[in-house]
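An overview of the molecular structure
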Amino acid sequence: MCGRYIRRSDKQRITEHFRLHGEPPFPLPPDFNIAPTTFQPVIRLQRDTHEREALLMRWGIVPFTAKSLDEYKGISTINARAESIQSGIWKRLFERQRCLIPADGFYEWDTILPSRLSGPKSTKPRKKPMRFWLKNDPVFAFAGLWDAWRNPDTGEWLQSFAIITTEANDLLASIHTRMPVILHPRDYARWIDRSGDSPLPLDLLKPFDAAEMQAAEANPKVNNARNNGEELLDKPDDEPEEGQMLF
DNA sequence: CCAGACGTTGTT
DNA sequence: GTCTGG
DNA sequence: CCAGACGTTGTT
DNA sequence: GTCTGG
């Protein structure tokens, strides 16, 4: 799954990498701990001009069919399984509302059960965060879907997005069964196409080549979504190794 | 995703 | 909107 | 036909 | 256990 990610590329780099029509009209500070329900930049085609635009959307889809925000509280729509993308709530979005999510990395957690932890008895599993990124490019794109929901009380529109997941590649398989779908730049245009003329880009929903990715232990501070900053990227040097005892 | 809260009434 | 269950 | 759901991950 | 907030 993908439930936390990083975006540190500045406006200029994102504009160039994604060949946006213009720079995003909102601030884009680096964020080392992006969590669900927050508003993040998403790239899609403008329907009329077919230009690539970046706009802010909420992470976690609120489908246009929702009668209230509460209806989708408690159910996770931050990810969409590639395997179920052509059914239910996702079908319409996959056919017409695909988007790119700019990122520089993402986190996955290795859950270590209490029975495998040394030292004093503990009952809670330990959550060890790992950071993943691409070797060849600092910035990349998750395959995303978006939707717009009109609040019946206020009349306001809420735009929201989800990140598509697929089976894990060899790099992630040891800690997780799933990973986010990462798109190669050569496939961006096909992914965000809205004309409906071309066949659905089902072939792009594959695990990214493990040989093109890197992984490292991240700072456990990343577990709390209130923490942020560059120091979250890597495990502190003075941190003891797993299972090691201090005397 | 993880962390942390999770309740009511009445009074100030 | 679209699919499933009855 | 109408009514009602429509999701993911992890863990056991 | 389950829901909310970030």
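Residues numbered from 1 in each chain as written. Chains lettered and ligands numbered in written order. Predicted model: local features only at pLDDT ≥ 70, side-chain atom pairs only at ≥ 80, totals over all residues. Heavy atoms only, no water.

**A closer look at the environment of alanine 210**
Locating alanine 210 in the fold gives a position in the loop between α3 (188-192) and β13 (213-217). Since its relative accessible area comes to 21%, alanine 210 is described here as partly exposed. With 180 residues separating them along the chain, alanine 210 and proline 30 place their C-alpha atoms 26 Å apart. Those residues in contact with alanine 210 that lie beyond four places of it in its chain are Asn169, Asp170 and Leu171. (Helix = DSSP H or I, 4+ residues; strand = E, 2+ residues; numbered from the N terminus. Buried < 20%, exposed > 50% of the residue type's maximum accessible area, 1.4 Å probe, protein only. Contact = heavy atoms within 4.5 Å.)

**Quick word on the protein's contact with DNA strand D**
Around DNA strand D sit 18 residues, and of these Met1, Ile75, Thr111, Thr165 and His176 come closest. Of all atoms in DNA strand D that approach within 4 Å of the protein, 83% are sugar or phosphate atoms. Within the contact set of DNA strand D, a base nitrogen lies 3.0 Å away from a backbone nitrogen or oxygen of serine 76. Here a phosphate oxygen of DNA strand D and a side-chain polar atom of threonine 165 are 2.6 Å apart. Every element with two or more residues in the surface near DNA strand D is listed here: β5 (79-81) and α2 (88-96). A class-by-class count of the residues in the surface near DNA strand D yields 5 nonpolar, 10 polar and 3 charged. (Near = heavy atom within 4 Å. Polar contact = N/O pair within 3.5 Å; in protein donor to acceptor, adjacent residues only side chain to side chain. Nonpolar A, V, L, I, M, F, W, Y, C, P; charged D, E, K, R; others polar.)

**Considerations on the side chain of threonine 166**
Within the secondary structure layout, threonine 166 lies in strand β10 (residues 157-167). Threonine 166 sits in the buried class, given a relative accessible area of 4%. Setting aside its immediate chain neighbours within four residues, threonine 166 contacts Ala82, Thr177, Arg178, Met179, Val181, Leu205, Lys206 and Pro207.

**Focus: the packing of aromatic side chains**
Geometrically, a pair of aromatic rings is defined through the distance of the ring centres and the angle of the planes. By the definition in use, this model includes 9 aromatic pairs. Ring geometry for phenylalanine 18 versus tyrosine 188: centroids 5.2 Å apart, planes at 20°, classification stacked. Taken together, the residues phenylalanine 18 in the loop between α1 (11-17) and β2 (31-34) and tyrosine 188 in helix α3 connect sequence positions 170 residues apart. Taken individually, phenylalanine 18 and tyrosine 188 each receive the classification buried, so the pair is uniform in this respect. Ring geometry for tyrosine 107 and tryptophan 109: centres 6.3 Å apart, planes at 50°, overall tilted. The buried category is assigned to tyrosine 107, whose relative accessible area is 0%. Taken together, the ring pairs connect Tyr5, Trp59, Phe106, Phe132, Phe140, Phe142 and Phe161 into an aromatic cluster. The residue whose ring lies beneath arginine 44 is tryptophan 146, and the NZ or CZ to ring-centre distance is 4.3 Å. (Phe/Tyr/Trp six-rings, centres within 6.5 Å; stacked < 30°, edge-to-face > 60°. Lys NZ or Arg CZ within 6 Å of the ring centre and 35° of its normal.)

**A look at the pattern of salt bridges**
What the rule picks out here adds up to 10 salt bridges. For the salt bridge of glutamate 53 with arginine 44, the shortest nitrogen-to-oxygen distance reads 3.0 Å. Each member of the pair glutamate 53 and arginine 44 is classed as buried. A salt bridge links arginine 92 to aspartate 147; the shortest N-O distance between them is 3.0 Å. Of this pair, arginine 92 sits in helix α2 while aspartate 147 is found in strand β9 (residues 140-150), placing the two residues 55 residues apart along the sequence. (Salt bridge = Lys/Arg side-chain N within 4 Å of Asp/Glu carboxyl O.)

Just distances and angles here, no functional claims.
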